Amino acid sequence: MEVGYLALPEPLAPFARYVPCRWSGDEVHVSGQVAAHEGEFPLRGRVGAELTLEQGRAAARQCALNVLAALKRELNDLSRIRALVKVTVFVATGPDFVDHHLVADGASEVFVEALGDVGEHARSAVGVARLPMDSPVEIEATALAG
């Protein structure tokens, strides 16, 4: 799948007991997407400990592509997205890391590149001790769709 210049991966199958997307009215809530590609984790660990800021940004980009892939499967066409409302970026970090917002920018750039103005969003970037399967980043999102 391609969106603009971006090649979307196949959507990730859930790693546990949840659904990838859930509707609430016109909102589509996308479950947390980890930094896996084709079921494998090219990067594992904590940003600012085992991984660099740039590796964290790369992991965030992969998560964003996985969010878009989940939305494409749910909507059949990303042009149905009227707004990417909210993105929450969880970053597994070392104890002294403070640039969560810069890691999250890796994802935000993908959303805007793929969706244009519709991809501009409200965002939180949250540091955590660890994430599932030692993914450095996990992203959940809410989109308004028609």
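Residues numbered from 1 in each chain as written. Predicted model: local features only at pLDDT ≥ 70, side-chain atom pairs only at ≥ 80, totals over all residues. Heavy atoms only, no water.

Q: Looking at this model, I keep getting lost on the sheet that holds strand β5 (residues 81-92). Mind explaining?
A: Two strands in a sheet stick together by hydrogen bonds in their backbones, pointing the same way (parallel) or opposite ways (antiparallel). The strand order across the open sheet built from five strands is β3-β4-β7-β5-β6, with neighbouring strands paired in mixed fashion. What marks the edges here is a single partner per strand, and that holds for β3 (21-24) and β6 (122-128). Mean inter-strand twist for the sheet, computed between neighbouring axes without regard to direction, equals 15 degrees. Running at roughly 145 degrees to β6, helix α2 (residues 100-115) makes contact with β5, β6 and β7 (137-145) of the sheet. (Pairing = 2+ DSSP bridges. Helix = DSSP H or I, 4+ residues; strand = E, 2+ residues; numbered from the N terminus. Axes fitted to C-alpha atoms, helices over the stretch in contact; angles between N-to-C directions. Contact = heavy atoms within 4.5 Å.)

Q: How should the environment of A64 be read in this particular structure?
A: Here A64 is to be found in helix α1 (residues 53-75). Take A64: its relative accessible area is 0%, and that puts it in the buried class. Measuring from C-alpha to C-alpha, the distance between A64 and W23 comes to 19 Å, with 41 residues separating the pair along the chain. If near-sequence neighbours (up to four positions away) are discounted, A64 is found in contact with A107, V110, F111 and I139. (Buried < 20%, exposed > 50% of the residue type's maximum accessible area, 1.4 Å probe, protein only.)

Q: Please clarify how the pattern of salt bridges should be interpreted in this entry.
A: When the charged atoms of two side chains with opposite charge come close together, those side chains can pair. In the structure shown here, the tally under the stated rule is seven salt bridges. Between E54 and R57 there is a salt bridge, with its nearest N and O atoms 3.7 Å apart. A residue pair is termed a helical-turn pair when its members lie 3 or 4 positions apart in one helix, as E54 and R57 do in helix α1 at three residues. Among the ionic pairs, R130 bridges to D134, the shortest N-O distance being 2.8 Å. (Salt bridge = Lys/Arg side-chain N within 4 Å of Asp/Glu carboxyl O.)

Q: What is the right way to read the pairing of β5 from this model?
A: Working note: regular strand, side chains alternate between the two faces of the sheet. Bridge count between β5 and β7: nine bridges; the pairing is antiparallel. In the sheet register, A83 faces β7, and the bridge partner there is L144. Judged from the seven bridges that link them, β5 and β6 form a sheet pairing that is parallel. Directly across from V91, in β6, lies its bridge partner G127. In this region the chain leaves β5, passes through α2 and returns to the parallel neighbour β6; the handedness of that crossover is right-handed. (Right-handed = clockwise from strand over helix to strand, strands pointing away.)

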